[in-house]
Amino acid sequence: MHRSSIVRTAYAPSADLPVNTNWRETGACTREDPDLFFSVSDTGPAFLQIEEAKAVCRRCPVIEMCGQWALETVQQYGVWGGLSETERRRIKRRRARKTS
């Protein structure tokens, strides 16, 4: 069986519905060092690392799916879909205010 024909399945956090995660295989980050996307902080030299990771995201064909997945699965660490940890927390707070 070819690797590309394998379908990976994960489960959405809010429901027990299968979610196709094959989009990850086409991410621009798959050709980069994973440590680039997980800085130790968000200030000083780490800020430059975050910006470098976001530059990879900006050329990624699945940036929107990745960002949405990170928000839905509450990824606490790293750059996902061009969004830093701080940016994802800000989006979650904004969404929570709109629904309350």
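So, a few notes on the structure that sits alongside this text.

Parameters at a glance
- Residues numbered from 1 in each chain as written.
- Predicted model: local features only at pLDDT ≥ 70, side-chain atom pairs only at ≥ 80, totals over all residues.
- Heavy atoms only, no water.
- Helix = DSSP H or I, 4+ residues; strand = E, 2+ residues; numbered from the N terminus.
- Buried < 20%, exposed > 50% of the residue type's maximum accessible area, 1.4 Å probe, protein only.
- Contact = heavy atoms within 4.5 Å.
- Areas by Shrake-Rupley, 256 points an atom, 1.4 Å probe, with all protein chains shown as cover.
- Expected span 1.5 Å × (residues − 1).
- Phe/Tyr/Trp six-rings, centres within 6.5 Å; stacked < 30°, edge-to-face > 60°.
- Salt bridge = Lys/Arg side-chain N within 4 Å of Asp/Glu carboxyl O.

## A short note on the overall build of the protein
A tally of regular secondary structure across the protein gives three helices and two strands. Along the protein, helices and strands appear, N-terminal first, in the series β-β-α-α-α. Buried positions account for 31% of the 100 residues belonging to the protein. Of all intrachain contacts in the protein linking residues separated by at least 6 positions in sequence, the fraction that spans at least 24 positions is 35%. Accessible surface, the protein: about 7200 Å² in total, of which carbon and sulfur atoms supply 56%.

## Section: helix 1 (residues 45-58)
An ideal rise of 1.5 Å per residue puts 20 Å on 14 residues; helix 1 measures up with 20 Å between its terminal C-alpha atoms. On its buried face, helix 1 is in contact with helix 2 (63-72) and helix 3 (85-99).

## A closer look at the environment of Thr86
With respect to the helices, strands and loops of the structure, Thr86 is situated in helix 3. Distance in space between the C-alpha atoms of Thr86 and Asp42 is 8.2 Å, their sequence separation being 44 residues.

## Side note on the packing of aromatic side chains
One pass over the structure, following the stated rule, counts three aromatic pairs. Judged by centre distance (5.0 Å) and plane angle (50 degrees), the ring pair of Trp69 and Trp80 falls under tilted. Of this pair, Trp69 sits in helix 2 while Trp80 is found in the loop between helix 2 and helix 3, placing the two residues eleven residues apart along the sequence. Every member of this aromatic cluster is reached through a ring pair, and the members are Trp23, Phe38, Trp69 and Trp80.

## Thoughts on the pattern of salt bridges
Where charged atoms from two side chains of opposite charge approach closely, those side chains can pair. In total, this model carries three salt bridges according to the counting rule given. Taking the shortest distance from any N to any O, the salt bridge between Arg59 and Glu32 comes out at 2.8 Å. Pair noted here: Arg59 is in the loop between helix 1 and helix 2 and Glu32 is in the loop between strand 2 (18-20) and helix 1, with a separation of 27 residues, a long-range link. With a relative accessible area of 52%, Arg59 lands in the exposed category. Under the relative-accessibility criterion, Glu32 is labelled partly exposed at 27%. Glu51 is paired through a salt bridge with Lys54; the nearest N and O atoms lie 3.8 Å apart. Of this pair, Glu51 and Lys54 both sit in helix 1, three residues apart, which is roughly one turn of the helix. Its relative accessible area of 11% is what places Lys54 among the buried residues.

Read these as geometric descriptors, not functional statements.
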